[in-house]
Amino acid sequence: MYNKASLRADEFISHEEITATLAYAEENKENFALIDEILAKAELCKGLDHREASVLLACEEPTRVARMYTMAEELKKKFYGNRIVMFAPLYLSNYCVNGCVYCPYHMKNKHIARKKLTQEEIVKEVTALQDMGHKRLALEAGEDPVNNPIEYILECIDTIYRIKHKNGAIRRVNVNIAATTVENYRKLKEAGIGTYILFQETYHKESYEKLHPTGPKHDYAYHTEAMDRAMEGGIDDVGLGVLFGLELYKYEFAGLLMHAEHLEAVHGVGPHTISVPRIKRADDIDPTVFDNGISDEIFAKLCALIRISVPYTGMIISTRESKEVREKVIRLGVSQISGASKTSVGGYSEPEPEEENSEQFDVSDKRTLDEVVRWLMEFGYIPSFCTACYREGRTGDRFMSLCKSGQIQNCCHPNALMTLKEYLMDYASEETKKIGEALIQAELNNIPKEKVREVCEDHLKKIEEGIRDFRF
Ligand code: SAM
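Residues numbered from 1 in each chain as written. Predicted model: local features only at pLDDT ≥ 70, side-chain atom pairs only at ≥ 80, totals over all residues.

With that out of the way, let us pick up the overall build of the chain. Tallying secondary structure elements over the chain gives 20 helices and 9 strands in all. Each of the 472 residues in the chain was classed as buried or not, and the buried ones make up 52%. The long-range fraction of contacts in the chain, counting pairs at least 24 apart against all pairs at least 6 apart in sequence, stands at 78%. (Helix = DSSP H or I, 4+ residues; strand = E, 2+ residues; numbered from the N terminus. Buried ≥ 20, exposed ≤ 12 C-beta atoms within 10 Å, placed from the backbone. Contact = placed C-beta atoms within 7 Å.)

Okay, here's the thing in structure tokens:
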């Protein structure tokens with residue numbers, strides 16, 4: 001029986017409820033009175049539940065679909081302004097005991113190069129990332145209790161936070177590792193992680209079990225209930241995601257929103273972020289064998305509807321997507337993107353020899369961070385390297401209340417400008433620097449409070465003098 005407040009996966013992601021939702025959406029996809037009512041509700045920025053949002057996803061009437069896109073753009077501007085937060089993934093180890101059929105790290109893959117970074121190699125990788133200008137990382141690892149136990153992950157986090165090279169520093173480490181115990185989540189929290197990210201891959205239990213035939217990840221309930229354990233362990237920023245292409249997108253979309261509703265109902269705070277990865281070609285993986293691949297149009301519609309349905313949740317797009325696709329969806333509500341990513345273990349400090357491929361998947365956007373930063377600014381966005389919120393204790397519901405209070409323009413906006421200034425001073429090419437300096441000058445006028453603007457201007461001067469790490 002469907003119960004969003006239940007702690008049992010099969011009750012808060014009820015298959016019957018999703019099936020009924022899809023039938024309801026199909027029946028009402030041309031019920032324009034209802035659709036207009038849902039759109040009017042979305043306009044109030046209060047979000048939509050999975051049934052309402054699924055009706056919009058089913059609706060194909062062009063003027064209404066166009067309204068969804070416009071609304072996503074407006075909501076994005078309202079809550080997040082024009083800032084885009086930058087990050088990079090760091091692959092620690094590709095040893096894995098699972099059998100995920102879409103991932104080249106699966107245990108049966110005998111020809112992929114298996115690698116695990118030593119602490120010395122982490123220093124090299126992180127130094128290379130700092131030298132590009134990155135301040136925020138997402139740690140990635142396969143699941144292997146012998147090769148990558150929690151102690152290894154904790155040691156890596158500790159090493160990463162200690163590395164101070166020139167003006168560089170990693171100020172926020174997010175973690176994307178397999179579902180684990182409350183006790184291990186507590187340890188991750190104590191190690192100072194930002195967001196704990198875990199993709200559900202698919203909410204369809206039967207497909208999930210087939211796609212994860214062996215290994216600990218096979219346990220659907222343990223995986224689906226992971227965020228509750230993470231929150232019990234004290235992590236209050238969690239990141240959801242679905243790997244689009246595995247199952248029917250309408251099913252996944254309803255499941256994703258039900259998961260968000262569940263977290264809100266049980267813990268009083270929804271997901272901090274939602275990621276929208278699509279399956280990519282990889283070592284022994286051919287994405288075309290999964291028949292639920294989605295077009296760029298559907299992908300854009302999903303992004304727009306996530307923005308409308310959960311206006312306070314950040315949305316992440318990785319370099320799985322090309323420059324062209326990123327250009328199309330970024331305005332629809334994306335708040336974070338990765339730049340200059342490598343999905344190999346040890347790929348930042350040295351290019352990997354071809355015969356030693358350890359990559360998780362092919363990257364589509366292969367530009368440098370400087371190119372991505374410049375491209376964002378040319379489109380009128382402010383690339384932000386800000387990590388202030390969690391360092392100031394603004395996590396979970398405290399971050400959400402900042403969002404809801406409308407104070408983001410007096411807080412995140414100046415933080416974005418100051419961290420961009422650091423980037424321009426320390427890492428940018430001359431051309432990027434020129435565009436960036438002009439952007440900062442123009443954007444200072446968009447800080448509503450005069451006092452905040454003055455302090456920000458003063459900090460910008462001090463950054464020019466060599467001082468770093470100011471934040472509101
Ligand atoms: N082992 C952890 C887990 O089980 O969640 C860490 C996740 S893995 C390093 C990061 C994510 O990459 C996976 O959750 C999956 O969604 C995604 N992924 C795996 N294979 C992929 C592929 N071929 N194309 C695109 N994304 C893929």
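Structure shown, so let's carry the discussion forward.
Glancing now at the nonpolar core. Of all hydrophobic cores here, the largest spans 139 residues; its most connected members are Leu 137, Tyr 196 and Cys 303. When residues of this core are assigned to their parent elements, the largest contribution, 9 residues, is made by helix α12 (residues 249-267). Not counting residues within four places of it along the chain, the set of residues in contact with Cys 303 comprises Val 276, Met 315, Val 329, Leu 332, Gly 333 and Val 334. (Core = buried A, V, L, I, M, F, W, Y, C linked by C-beta atoms within 7 Å.)

With that settled, the discussion passes to the environment of Met 68. As for its placement among the helices and strands, Met 68 is situated in helix α5 (residues 62-80). Distance from Met 68 to Leu 305, taken between C-alpha atoms, is 7.1 Å for residues 237 residues apart in sequence. Apart from residues no more than four positions distant in its own chain, Met 68 is found in contact with Leu 56, Ala 304, Leu 305 and Ile 308.

Time to look at helix α13 (residues 296-309). Across its 14 residues, α13 extends 20 Å between first and last C-alpha, which sits within 8% of the 20 Å expected from 1.5 Å per residue. With 10 of 14 residues buried, α13 lies mostly within the body of the structure. Of all the positions in α13, only Phe 299, Lys 301, Leu 302, Cys 303, Ala 304, Leu 305, Ile 306, Arg 307, Ile 308 and Ser 309 are classed as buried. (Expected span 1.5 Å × (residues − 1).)

Side chains Val 238 and Leu 240 of strand β5 (residues 238-241) all project onto a buried face; the interleaved residues Gly 239 and Gly 241 project onto the opposite face, where all are buried too. In the sheet, strand β4 (residues 193-197) pairs with β5 via 2 bridges, with the strands oriented parallel. Bridging across to β5, Ile 197 finds its partner in Gly 239. Pairing of β5 with strand β6 (residues 273-275) involves 3 bridges; the strand directions are parallel. By the bridge assignment, Gly 239 is partnered in β6 with Thr 273. Once you follow β5 into α12 and on to β6, the crossover reads as right-handed. (Pairing = 2+ DSSP bridges. Right-handed = clockwise from strand over helix to strand, strands pointing away.)

One non-glycine residue, Glu 201, lies in the positive phi region at around 70°. Structurally, the position occupied by Glu 201 is in the loop between β4 and α9 (205-211). Glu 201 sits in the buried class, given 25 other C-beta atoms within 10 Å. A positive phi angle, close to 70°, is found at Asp 469, a residue other than glycine. Take Asp 469: it is sitting in the segment after α20 (450-464). By C-beta crowding, Asp 469 is classed as partly exposed, having 16 other C-beta atoms within 10 Å.

Once that is clear, we can look at the domain arrangement of the chain. Taken domain by domain, the chain holds domain 1 (77-366) and domain 2 (405-464). The C-alpha centroid of domain 2 is placed 29 Å from the C-alpha centroid of domain 1. Taken together, the contact between domain 1 and domain 2 spans 7 residues of the former and 9 residues of the latter. Considered class by class, the residues forming the side of domain 1 that touches domain 2 number 2 nonpolar, 3 polar and 2 charged. (Domains from an automatic or database assignment. Nonpolar A, V, L, I, M, F, W, Y, C, P; charged D, E, K, R; others polar.)

The N-to-C vectors of helix α3 (residues 32-43) and α5 enclose an angle of 10°; their axes lie 11 Å apart at closest approach. Classed by the angle they form, the pair α3 and α5 counts as roughly parallel. Every residue of α5 that contacts α3 at Ile 35, Leu 39, Ala 42 and Glu 43 is listed here: Arg 64, Arg 67 and Met 71. (Axes fitted to C-alpha atoms, helices over the stretch in contact; angles between N-to-C directions. Parallel < 35°, antiparallel > 145°, perpendicular 65-115°, else oblique.)

Turning next to the environment of Glu 201. For Glu 201 and Asn 167, which are 34 residues apart along the polypeptide, the C-alpha to C-alpha distance reads 38 Å. Among all residues touching Glu 201, those that are not within four sequence positions of it are Tyr 208, Leu 211, Val 242, Leu 243 and Leu 246.

The geometry of helix α4 (residues 50-58) relative to α12 is characterised by a closest axis approach of 9 Å and an angle of 155° between their N-to-C directions. Judged by the angle between their axes, α4 and α12 are roughly antiparallel. α4 and α12 meet at a crossing whose hand is right-handed. Facing α4, whose interface residues are His 50, Ala 53, Ser 54 and Leu 57, α12 presents Lys 250, Phe 253, Ala 254, Leu 257, Met 258 and Glu 261. For the contact of α4 with α12, the residue count by class is 6 nonpolar, 2 polar and 2 charged. (Left-handed = near helix turned anticlockwise from the far one by under 90°.)

Bringing the pairing of strand β3 (residues 172-176) into the picture now. Within β3, 4 of the 5 residues are buried, leaving the element largely enclosed by the surrounding structure. The pairing of strand β2 (residues 136-141) with β3 spans 5 bridges and is parallel. The partner of Leu 139 across the bridge, within β3, is Val 175. Chirality of the crossover, the property in question, places the unit of β2, helix α7 (residues 150-162) and β3 among those that are right-handed. Taken together, the 2 bridges between β3 and β4 define a ladder with parallel strand orientation. In the strand pairing of β4, Val 173 is matched with Ile 193. The handedness of the β3 to β4 crossover, carried by helix α8 (residues 182-190), is right-handed.

When you line up the elements, Leu 420 lands in helix α18 (residues 412-426). Sequence-distant contacts of Leu 420, that is, excluding residues within four places in its chain, are made with Ile 382, Pro 383, Ser 384, Phe 385, Gly 436 and Ile 440.

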